[in-house]
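# Coordinate analysis (summary)
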Amino acid sequence: MLNLKYLAATFCLFVLTQAAYSQLGFSHEIGVIAGPVEFRSDFGGRNEERTNLGNSGIGIGIIHYISFAYSADCSCYTTDTYFNDHFKLRSELSWNRTNLDHHGFWVQPDKVSANADKLRAHHGVAENFDIGMQLEYFPLSIRAFQDFAFRFAPFVSLGAHYTTSSPQASTTYGDGDIYNPDNIYSFWYKDDSYLPPVPSGQQREYPINLQQQSNWSLVTSVGVRYKLTKLSDLMLDLRWQYYFSDWIDGFNHRLSYNKFNDWLIWLNFGYVYYLD
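Residues numbered from 1 in each chain as written. Predicted model: local features only at pLDDT ≥ 70, side-chain atom pairs only at ≥ 80, totals over all residues. Heavy atoms only, no water.

### Some words on the overall build of the chain
For the chain, the helix and strand inventory stands at six helices and ten strands. With 276 residues in all, the chain has 50% of them scored as buried. Considering only contacts in the chain between residues 6 or more positions apart, those separated by 24 or more positions represent 76%. By element, 64% of the accessible surface of the chain is carried by carbon and sulfur atoms, the whole surface being about 13300 Å². (Helix = DSSP H or I, 4+ residues; strand = E, 2+ residues; numbered from the N terminus. Buried < 20%, exposed > 50% of the residue type's maximum accessible area, 1.4 Å probe, protein only. Contact = heavy atoms within 4.5 Å. Areas by Shrake-Rupley, 256 points an atom, 1.4 Å probe, with all protein chains shown as cover.)

Structure (structure tokens):
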């Protein structure tokens, strides 16, 4: 419930921000995006391509732009400044989901140990709902692009998203209880020789936590727009999103090679329509 309250508060701030920019008379664009997601987590070997390609999912979203180059109040261009002609503010509501499994060296057919069987039996889902903003920079003139001086307009962006995660996990090993330490890879929890020491009097943190949670993330992307008509563009956008948590997938073991928080790469295709 607390996470939902945070999400509701963030959404209200988002709406108020858009309303404030609307009062200033800037023009608006709205669009949709969708495409494949490659989620990088603690499942499998982080640097193994079989893991990276195997743990792929889908993302969809609704995007909204504030364009500073054009004024909706007078249907005319705004003051000709560098910022107005090269920047847009992008807001987004999006959802992504990835089924997660262990791939690569440790689950190859020749691995016949109980631990290998536990890895094969362990499955997860990373499911995230995002709301946030990015500032997009267009090296070429936005006005010239709008007037068909050129068809392609590259851009880069940087921003922050508030993410609510609803991870899932299951196992087919043993009694099927994912919270039974005997059913998970022993080096994650039971084998202290491979794990960092725990302060005296404290219990080791279990590596699986499926509670819904909310966290911030850093989002940056590179992309290009294609001018389809006077009032519409096609868009291709490659995103990198870094979460400020290692629990986005509901899984966080403490082995030495777990050095990074969860992150994803999202290649999305979009359609943008100019409202005014």
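### Concerning the pairing of strand β8 (residues 213–229)
Looking at chain direction, strand β6 (residues 152–165) and β8 are connected through 14 bridges and run antiparallel. By the bridge assignment for β8, L158 is matched with T220. Where β8 folds back on strand β9 (residues 232–243), the antiparallel hairpin that results is connected by two residues. (Pairing = 2+ DSSP bridges.)

### As for the pattern of salt bridges
Summed over the entire model, instances satisfying the criterion amount to twelve salt bridges. Of the charged contacts, one joins R40 and E38 as a salt bridge, the two residues approaching to 2.3 Å between their closest N and O atoms. Here R40 and E38 have matching classes, each one buried. The salt bridge partner of R225 is D233, with a shortest N-O separation of 2.9 Å. Each member of the pair, R225 together with D233, is buried. Among the charged side chains, a network of salt bridges with common partners joins E29, K88, R225, K227 and D233. (Salt bridge = Lys/Arg side-chain N within 4 Å of Asp/Glu carboxyl O.)

### Describing the nonpolar core
Counting 34 residues, the largest nonpolar core has F39, I184 and W188 as the members making the most contacts within it. Elements that contribute at least two residues to this core include exactly β1 (26–40), β2 (56–71), α5 (142–146), β6, α6 (186–189), β9 and β10 (263–274). Looking at this core, the element that brings in the most residues is β10, giving four residues. When residues no more than four places from it in sequence are discounted, the contact partners of F39 are N55, T98, L100, A126, N128, Y243, I248, D249, D262, W263 and L264. (Core = buried A, V, L, I, M, F, W, Y, C linked by side-chain atoms within 4.5 Å.)

### A short note on the side chain of Q134
Looking at the secondary structure, you find Q134 in strand β5 (residues 122–137). Side-chain polar atoms of Q134 contact the side chain of H161, separated by 3.5 Å. Residues in contact with Q134, not counting those within four places in the same chain, are K88, L89, R90, E92, S157, L158, G159, H161, V219, S221 and R239. (Polar contact = N/O pair within 3.5 Å; in protein donor to acceptor, adjacent residues only side chain to side chain.)

### Side note on the packing of aromatic side chains
Tallied over the entire structure, the rule returns 18 aromatic pairs. With 5.4 Å between their ring centres and 45 degrees between their planes, F138 and F155 make a pair best called tilted. In this pair, F138 sits in the loop between β5 and α5 while F155 sits in strand β6, placing the two residues 17 residues apart along the sequence. A single burial state applies to F138 and to F155, both of which are buried. (Phe/Tyr/Trp six-rings, centres within 6.5 Å; stacked < 30°, edge-to-face > 60°.)

### Describing the environment of T98
Counting through the fold element by element, T98 comes out in strand β4 (residues 87–101). With relative accessibility at 0%, the residue T98 sits in the buried group. It is 8.5 Å that separates the C-alpha atoms of T98 and G124, two residues lying 26 residues apart in sequence. Aside from chain neighbours lying at most four places away, what touches T98 is V37, F39, N55, S56, G57, G124, V125 and A126.

### Quick word on the pairing of β10
Across ten bridges, β1 lies against β10 in antiparallel orientation. Pairing of V32 across the sheet is with Y271, part of β10. As paired strands, β9 and β10 are joined by eleven bridges and run antiparallel to one another. Within β10, the position partnered with L238 by the bridge is L267.

### Considerations on the confidence of the model for the chain
This prediction gives the chain a mean pLDDT of 86; 85% of its residues lie at or above 70. Summarising per-element confidence for the chain, the mean pLDDT is lowest in helix α1 (residues 2–23) (53) and highest in β9 (97). (pLDDT = per-residue confidence, 0-100.)

### A look at the side chain of E38
Within the secondary structure layout, E38 lies in strand β1. Engagement of the side chain of E38 in a polar contact is seen with the side chain of R40, the distance being 2.3 Å.

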